[in-house]
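One letter stands for each residue in the lines below.
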Amino acid sequence: MEHRAKRAKITIASLVGLVLMAFLLLRAPLWTRGSEILGGRTLAPSSVILDRHGRELYEMIDPHTGLHHPADLEDIPLILRQAVIATEDASFYENPGFSPRAIVRALWTNFRHGRIVSGGSTITQQVARNVMLSPEARYRRDWRRKVHETAIALWMTCSLGKERILALYLNETYFGNMAYGVEAAARAYFGKPVAQLDLAECAMLAGLPQSPANYNPLTNLQAAKKRQKDVLSLMVKAGYITTAQAERAHQEPLQFASEPLQIEAPHFCMMVRERLGEVLEPAALERGGLRIHTTLDLSLQHAAEAHLRRHLEALNHETSETPSHNVHNGAIVVMDPDTGHIRVLVGSPDYFDAKTSGAVNAALSLRQPGSAIKPLTYAAAFEQGYSPATPIADVRTTYITAENEPYTPINYDYKYHGLVSLRQALACSYNAATVRLLDEIGTDQLFGMARRLGITTLSESRSHGLALTLGSGEVNLLELTAAYAAFANGGQRIEPRIINYVEDADGHILYQSTIHAHPALDERIAYLITDILADEYARIPTFGEGSVLELSFPAAAKTGTTTNWRDNWTVGYSSEFAVGVWVGNANNEPMERVSGVSGAAPVWNATMRSVHRQQPAPFVRPDGIAEVEVCALSGLLPNPTCQNRKTEVFLKENAPSERCAMHRLVPLDGDGAPAEINDAGGGHTEQSVTLWPPEILAWAQEEGRDLSGASQEGSTWPSMAEGAASPSATEGREHREAAPLYLTNPTPNGRYAIAKEIPVAYQQLEVSAFAPSSGDLQEASLFVDGQQWHTWTRPPYRVLWPLTEGEHTFHVRALAHDGSIIRSAARRITVLPAEGK
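The written sequence of each chain sets the order in which its residues are numbered from 1. In view of the model being predicted, local features appear only for residues whose pLDDT reaches at least 70, and side-chain atom pairs are presented and counted only at 80 or more, with totals across whole chains, interfaces and linings using the full set of residues. Excluding hydrogens and water, the side-chain values take into account all heavy atoms of the structure.

1. Quick notes on the sheet that holds strand β26 (residues 797-802)
Then step 1. Any two strands between which DSSP finds at least two bridges are classified as paired. Secondary structure counts use DSSP, requiring at least four H or I residues in a row for a helix and at least two E residues in a row for a strand, with both numbered from the N terminus. Strands sit in the order β21-β23-β26 across an open sheet of three strands; the sheet is antiparallel. Looking at the sheet topology across the chains shown, the edges are occupied by β21 (742-745) and β26. Taken over all neighbouring pairs, the strand axes of this sheet differ in orientation by 30° on average, direction set aside.
Then step 2. Bridging between β21 and strand β23 (residues 764-770) involves three bridges; their strand directions are antiparallel. Bridging from a neighbouring strand, Leu743 pairs with Ala769 of β23. Angular values range over 0 to 180 degrees, each being the angle between N-to-C directions of two axes fitted as lines to C-alpha atoms, with helices fitted over their stretch in contact.

Below is the structure:
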């Protein structure tokens, strides 16, 4: 009964359509290309992609004689046919070639918008439009084309049948990556015939026709996977697969490949091909005969490709003394910061290497940038009145996340460096100091700076919190390099350009790109960042003298390494070029101890030397910059007792006017002890002392620094007495205990795990405590779970406690010389059992 109802619907619709078709036949020819699709095709002249000097990169031959391999319907997997139908036209086998409901919905939508914005096309209508209509008619957006298309769809349903229409759709539709039809798409994306595709691969292909550029897995795998998930959901809804099958397919890792082409800079050419679809009318592309003049410099491209391949080979060369570092992929971007022209774009060391997913464009892939994102935090801080001389505490600090979990940033060298300037913190890439800085200015400042500099991928990364400044979000190399280019050109964000101009076969200019500049930040702040990143002396404590970041000309640079050695970055610039390099593995597999210095930096150095054929001009200092001598520790004007001084640059309005108060002379009595302030006796000598900020005291004690100033008048630390008030804590910071005595480790609410592969006897946790004036203590005792566990008679107060499964509480109790008892606040931790126990 239901089947007869469907037939009745088709019959009624068919009659309506036949009347409409008869009317159209009286008005105009029904189709202009029917003989082509049923017989042969007219070849379009080739279009050529050229580099900036006119050298050929790729000949875009007519797609139907290039990446076009028609397949018989029976050779196309059923699951792919079902995926396409579920995604594009769920009622394909029931409708008469068009959907009356969809047409009514489209008419209403278009009426509300006052223009054609929705078409409601079925699979049959798409074939009618893309195959049967001429290019001029195909891209005309009016009701006449829609009526014409609908009439042809009805004729095709009556004349060709559903299976032939589906075959035409699957063989003629554009799937991106220069592939027309599912056979060409299967080979282009997965390197195998369409008959060998599984469910995950079929769902990926089925989602491409709607927007091949946006869902291209080789350039935007994240968006492609989301689209794949949508296709799988539609297949479940249509009853083709189960929910469990859909989930397994979505979780399946995809192996991408590419079939060899006669092509230079293949990733760049693919980007050009997609860009052409945005700037030219489709009919112009289909007519062919175009000459696409790009921004790429083929000579520089070849040099960069060679640098990347050579360095990866060196990293993976295994000897008896040096094992392979397991790093197989990389990408390079070279950009002119003044014009936005991309001179070099290497997406992988070998586009055609399926084993390393070479066809994936790593220059556009989302990866964690590590410390390479830090300059944006410092630029945002400089906008808030900070300066390169501003002191910041690089000490162990625990922050509480939005999930109420403790977060303690650790420096790359596993050390803390006390009170450092922002110049030193950025140049040496200190994590603890940078996280503290972001905590002070707020994460919104970093998000705003990233947006202004053209980084679009952090908008949904607010869950990363303070770790965002250490690179926990995701960016792509092209956008990050363009952000650095804004520092190079004085704060102007220039949109990257890959096409210069396009001309047709007669030499007429069809498209001419223009510079799109957006003021992003004060040119003086851009200069401050440049001055720090180009400061070879400031980075010596981390990188050493004569590091791979140094060149024979002025250049700014920043490295980045992510957790577990998954990503290496080096991004930097001269006054002439911005260069970004990433190395890692396309499948996100960790490398073997490869840092930004040993992985990406050598490629960056070699590429910088290659692209600068002449010595670039030095960086220009803009007006409004003041150069002032300051105390190296406080960043303020030095007083007579400040022995360590330096010259620093400031925004004129932020130049310091106050004198340093961290250093002062303290009177000593005849025994060399601090004299009482009201002692009027003679014979006093004076000693210079440092009044450390409270957050530095624990570090200063551990480092053996002079703490005599901590108990002097004017110190920011309260006097030693039971019940003294604790320093105020900013929101989100570690809740510190009372100033006289507190635990510095373990982390509050910390979670520790026992490793099953290491003997338990060797798994210990350092417990440490600190007292600003430890000389006032007779002894200090550590209590674990309420029981006295260890006693110290003098500092440092450190001991190793063996990890024991369960929840534990620690506190320290001390006896002062005056007989008073001092007790720290308690800290609770959890020790998890070994996995698999």
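2. Here's the deal with the environment of Ala578
Then step 1. Checked against the element boundaries, Ala578 lands in strand β16 (residues 578-584).
Then step 2. For each residue, the accessible area found with a 1.4 Å probe, counting protein chains only, is set against the maximum for its type, and the residue is called buried under 20%, exposed over 50%, and partly exposed in between. On the accessibility criterion, Ala578 (0% relative accessible area) is buried.
Then step 3. In the structure, Ala578 is positioned 242 residues away from Asp336 in sequence and 6.4 Å away in space, judged by C-alpha atoms.
Then step 4. Residues contacting Ala578, with those up to four places away along its chain left out, are Val333, Val334, Met335, Pro337, Thr481, Ala485, Gly572 and Tyr573. Whether two residues are in contact is decided by their heavy atoms: any pair within 4.5 Å suffices.

3. Points about the side chain of Gln763
Then step 1. Its location among the elements puts Gln763 in the loop between β22 (751-753) and β23.
Then step 2. Classification of Gln763 by relative accessible area gives buried; the value is 7%.
Then step 3. Apart from the residues lying within four places of it in its own chain, the contact partners of Gln763 are Ala753, Ile754, Ala755, Ile758, Pro802 and Leu803.

4. Considering the confidence of the model for the protein
Then step 1. Within a predicted model, pLDDT stands for the predictor's per-residue confidence, ranging from 0 to 100. A residue-level look at the protein finds 81% of positions with pLDDT of 70 or above and a mean pLDDT of 83.
Then step 2. For residues 1-15, every residue scores under 50 in pLDDT, and the model assigns this stretch eight contacts once sequence neighbours within four places are set aside.
Then step 3. Below a pLDDT of 50 lies the segment residues 22-42, which in the model reaches 38 contacts outside its immediate sequence neighbourhood of four places, other chains included.

5. Topic: the environment of Thr294
Then step 1. For Thr294, the position within the fold is in strand β3 (residues 291-294).
Then step 2. Residue contacts for Thr294: discarding those within four places in its chain leaves Ile49, Leu50, Asp51, Arg52, Leu57, Phe268, Val272, Ile498, Ile499 and Asn500.
Then step 3. Think of a polar contact as two N or O atoms within 3.5 Å of one another; within protein, one of them needs to be a possible hydrogen donor and the other a possible acceptor, and neighboring residues in sequence only count if both atoms come from side chains. At 2.6 Å, the side chain of Thr294 and the backbone oxygen of Leu50 are in polar contact.
Then step 4. Engagement of the side chain of Thr294 in a polar contact is seen with the backbone nitrogen of Leu296, the distance being 3.4 Å.

6. Here we look at the sheet that holds strand β12 (residues 509-512)
Then step 1. Overall, mixed pairing links the five strands, which are arranged β2-β1-β3-β11-β12 in an open sheet. Across the chains shown, the open sheet's two edge strands, defined by having one partner strand only, are β2 (56-60) and β12. Averaged over all neighbouring strand pairs, the angle between strand axes comes to 15°, with direction disregarded.
Then step 2. The pairing of strand β1 (residues 47-50) with β2 spans four bridges and is antiparallel.

7. Description of empty space enclosed by the protein
Then step 1. Here the term cavity refers to a set of points on a 1 Å grid, laid over the protein atoms alone, in which a 1.4 Å probe fits but cannot get out; the term pocket refers to an open set having protein on both sides within 12 Å along at least five of seven lines, with lining residues being those that place an atom within 4 Å of a point. Grid points are joined across faces, edges and corners, and a volume is the space filled by probe spheres set on the points. Under the criterion given, the structure shown has four cavities of 30 Å³ or more.
Then step 2. Of the voids in this model, the largest cavity is the one considered here, and its volume is about 60 Å³.
Then step 3. Taken together, Leu426, Ala427, Ile532, Leu533, Arg539, Phe543, Leu549, Ala557, Lys558 and Thr559 form the lining of the largest cavity.
Then step 4. Elements with a minimum of two residues in the lining of the largest cavity: α17 (422-427), α21 (523-533) and β14 (556-561).
Then step 5. Considering each element in turn, the lining of the largest cavity owes the most residues, three residues, to β14.
Then step 6. Here the nonpolar group is Ala, Val, Leu, Ile, Met, Phe, Trp, Tyr, Cys and Pro; Asp, Glu, Lys and Arg are the charged ones; every other residue, Gly included, is treated as polar. Grouping the constituent residues of the lining of the largest cavity by class yields seven nonpolar, one polar and two charged.
Then step 7. Of the volumes computed, that of the second largest cavity is approximately 40 Å³.
Then step 8. In this structure, the second largest cavity is lined by Asn177, Asn216, Leu218, Thr219, His267, Met270, Met271, Tyr351, Ala359 and Asn361.

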